[in-house]
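# An overview of the molecular structure
Residue strings, one per chain:
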Amino acid sequence: MDSRTDAEVRAALAAIEAEDIDCGDKVDMLVEIAMGMQRRPKSVHQLRQAIGLYEKALALCPPEDRLAAARIRARMGTALQAVPSADAEYLLRAKAAFEDAGGILREEGAPEEIAELEMNLGLALQALASMNQAKPSEAISAYQRSLRTFDAVRFPREFAILQNNLATLFLSIPFSDQSGKMREALAVQSFEKGLEVVNLIDHPSEYAMLQNNLGNALQYASSSHAFENNLRALDAYDEALKVRTRRDAPLEYANTICNRANCLLNLPDEAERPELGNPANRARALAAYGEALEIFAQVGEIDKQRTVAELIANLESEMIPSGAGPAAGKADSNRAIAPSVATRH
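Below is a short write-up of the structure. Residue numbers here run from 1 along each chain, matching the order of that chain's written sequence. Per-residue local features of the predicted model are confined to residues with pLDDT of at least 70, and side-chain atom pairs are confined, for both listing and counting, to 80 or more; whole-chain, interface and lining totals are unaffected and use all residues. Based on all heavy atoms of the structure, the side-chain values leave hydrogens and waters out of the count.

### Observations concerning the overall build of the protein
Secondary structure is summarised from DSSP: a helix means a run of H or I of at least four residues, a strand means a run of E of at least two, and numbering begins at the N terminus for each. Of regular secondary structure, the protein possesses 14 helices and zero strands. Sequence-ordered secondary structure for the protein, helices as α and strands as β, is α-α-α-α-α-α-α-α-α-α-α-α-α-α. Residues classed as buried in the protein amount to 46% of the 345 residues present. Throughout, a residue-residue contact means that at least one pair of heavy atoms, one from each residue, lies within 4.5 Å. Contacts spanning at least 24 positions in sequence make up 62% of the contacts within the protein whose residues lie at least 6 apart. Per-residue accessibility, obtained with a 1.4 Å probe over protein chains only, is compared with the maximum for each type, and a residue is labelled buried under 20%, exposed over 50%, and partly exposed between these values.

### Observations concerning the environment of Leu171
Looking at where Leu171 falls in the secondary structure, it is placed in helix H8 (residues 156-172). Considering only alpha carbons, one finds Leu171 and Tyr220, 49 residues apart in sequence, at a separation of 9.9 Å. Ignoring any residue separated from it by four or fewer positions in sequence, one finds Leu171 in contact with Glu184, Ala187, Phe191 and Ala217.

### Focus on helix H3 (residues 44-60)
Because the α-helix completes a turn every 3.6 residues, residues three or four places apart line up on one side. Over its 17 residues, H3 runs 25 Å from end to end, which matches the ideal 24 Å to within 8%, given 1.5 Å per residue. What H3 keeps buried is the set Gln46, Leu47, Gln49, Ala50, Ile51, Leu53, Tyr54, Ala57 and Leu58. Expected helix span is computed as 1.5 Å times (number of residues minus one).

### Concerning the nonpolar core
Counting 92 residues, the largest nonpolar core has Tyr54, Ile72, Leu105 and Tyr289 as the members making the most contacts within it. Beyond its immediate sequence surroundings of up to four residues, Leu105 is in contact with Leu67, Ala70, Arg71, Ala74, Glu113, Ile114 and Leu117. Take the buried Ala, Val, Leu, Ile, Met, Phe, Trp, Tyr and Cys residues and link them wherever side-chain atoms come within 4.5 Å; each set so joined is a nonpolar core.

### Here's the deal with the pattern of salt bridges
The term salt bridge refers to a side-chain nitrogen of Lys or Arg lying within 4 Å of a carboxyl oxygen of Asp or Glu. A full pass over the atoms with the stated rule returns 17 salt bridges. We note a salt bridge from Glu55 to Arg93, for which the minimum N-O separation is 3.3 Å. On the criterion of sequence distance, the pair formed by Glu55 in helix H3 and Arg93 in helix H5 (residues 89-108) is long-range, its members being 38 residues apart. Residue class for Arg93 comes out partly exposed when judged on its relative accessible area of 32%. Residue Glu118 is joined to Arg145 by a salt bridge in which the shortest nitrogen-to-oxygen separation is 3.0 Å. Taken together, the positions of Glu118 in helix H6 (residues 111-130) and Arg145 in helix H7 (residues 136-147) put the pair 27 residues apart, joining distant regions of the chain.

### A short note on the packing of helix H13 (residues 279-299) against helix H14 (residues 302-318)
Helix axes are fitted only over the stretch in contact, all axes being lines through C-alpha atoms; the angle between N-to-C directions runs from 0 to 180 degrees. Contact geometry for H13 and H14: axes closest at 9 Å, N-to-C directions at 155°. Taken as axis vectors, H13 and H14 run roughly antiparallel relative to one another. Viewed along their axes, H13 and H14 form a crossing whose handedness is left-handed. Side by side, H13 and H14 meet where Arg282, Ala285, Leu286, Tyr289, Gly290, Leu293, Phe296 and Ala297 of the first sit next to Lys304, Gln305, Val308, Ala309, Leu311, Ile312, Leu315, Glu316 and Glu318 of the second. Of the residues that constitute the contact of H13 with H14, the class distribution is eleven nonpolar, two polar and four charged. Angle categories: roughly parallel below 35 degrees, roughly antiparallel above 145, roughly perpendicular from 65 to 115, and oblique for all the rest. In a left-handed crossing the near helix is turned counterclockwise from the far helix by less than a right angle, and in a right-handed crossing that turn is clockwise. Amino acid classes used here: Ala, Val, Leu, Ile, Met, Phe, Trp, Tyr, Cys and Pro are nonpolar; Asp, Glu, Lys and Arg are charged; the rest, including Gly, are polar.

### Observations concerning the side chain of Thr256
The topology assignment puts Thr256 in helix H12 (residues 250-264). On the accessibility criterion, Thr256 (0% relative accessible area) is buried. Beyond its immediate chain neighbours, meaning those up to four positions away, Thr256 contacts Asn212, Tyr237, Ala240, Leu241 and Arg244.

### With respect to unusual backbone geometry
You will see that Asn132, though not glycine, has its phi angle at about 60°, which is positive. Its place among the elements puts Asn132 in the loop between H6 and H7. Judged by its relative accessible area of 70%, Asn132 is exposed.

### Here's the deal with the side chain of Gln46
Checked against the element boundaries, Gln46 lands in helix H3. Assessed through its relative accessible area of 7%, Gln46 is described here as buried.

### Considerations on H7
With twelve residues, H7 should cover 16 Å at 1.5 Å per step; its first-to-last C-alpha distance of 17 Å lies within 8% of that length. Among the residues making up H7, those that are buried are Ala139, Ile140, Ala142, Tyr143, Ser146 and Leu147. Here the buried residues of H7 occupy an arc of 160° about the axis, which is enough to place them on one side. Residues of H7 that are buried in the fold lie against H6 and H8. Of all possible arcs, the one meant is that of the directions from the helix axis to the C-beta atoms.

### Section: a negative patch on the surface
In this analysis, a patch consists of residues with relative accessible area above 30% that form no salt bridge, clustered at 9 Å for like charges and at 5 Å for the nonpolar side chains Val, Leu, Ile, Met, Phe, Trp and Tyr. What sets the accessible areas is the Shrake-Rupley method with a 1.4 Å probe; for residues, cover comes only from the shown protein chains. Counted charges follow a simple rule, with Lys and Arg positive, Asp and Glu negative, and His plus the chain ends left uncounted. By convention, charge coordinates are those of NZ in Lys, CZ in Arg, CG in Asp, or CD in Glu. Taken together, the side chains of Asp22, Asp25, Asp28 and Glu32 define an acidic patch exposed on the protein surface. Tracing the sequence through the fold places Asp25 in helix H2 (residues 23-39).

### Looking at the packing of helix H10 (residues 204-219) against H12
One can describe the packing of H10 onto H12 by two numbers: an axis separation of 10 Å at closest approach and a directional angle of 25°. Between H10 and H12, the crossing angle belongs to the class labelled roughly parallel. Judged by the sense of rotation from one axis to the other, the crossing of H10 with H12 is left-handed. Residues Asn212, Asn216 and Gln219 of H10 form the contact with H12, whose own contacting residues are Thr256, Asn259, Asn262 and Cys263. Residue composition of the contact of H10 with H12, by class: one nonpolar, six polar and no charged.

This is a description of form; function is not addressed.
Written out as structure tokens, the structure reads:
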């Protein structure tokens, strides 16, 4: 597949060089090819090729067309941040591309493209913060600048995505003091703000993402109302599963049923009689983990497969046969699966 793509790119580049057209049209053609490859990449190699095409377009861009060059850099930044890598190289390059583009776009660009650039810069900074290469506050500031344009009334989808990303960022900051509880509350508030402006019919993907992540935030919140929070979390996961079906979105479905299973482990079978434990809920959780394990194996999610296998082993070793169930409690290895951030496109 990569060799075929290489040949197509070489043919396109040769055609551009051979055509008697001006530099501006050549730049447009290169960007169009790069965007097409980036939109649905079949491999990391294609993303790298798209980056190379953006670089070639920048080299051909007339010096006086600063706005066109800034737009190309902004698009290249999104390709750079999409390249999976164990180190920060591509993310740092993406950050630099967004920052280089930002100066010109803020002077000459439209409000929407400036807001989109700030959103993407926030994503790069958020990922870099997880590698200790940036401060979480830098990502928060970028998202907040984006919200000046992407408000709830005119841009509900973008507003919801930004609220989701802010919330996951709040939750990612280590809880070392009392401010941790405040960040948990802010995260729940942000998820709920996002859900006020999107719905199951018009924005199914964003709706399901927010519900799944809200469930995680509620389930793991440091609160004296753990029982009520877990019930609310179950409701949120059930809403997410209206969209995330095994047929249409198997990976997202597996993520959510794992998170729901984690929640079941912390709920008694009968709310009025918690002393009876939760053998039925544990059995439901075990079945959900088994289904998720099968899906993770099918799609090649090795790390998640390993995590769920560990959960199953722990749960099976704790379960008591016949009658009296164990008291409700969380397995040591229990943790949320895939609280996700999202992009505009």
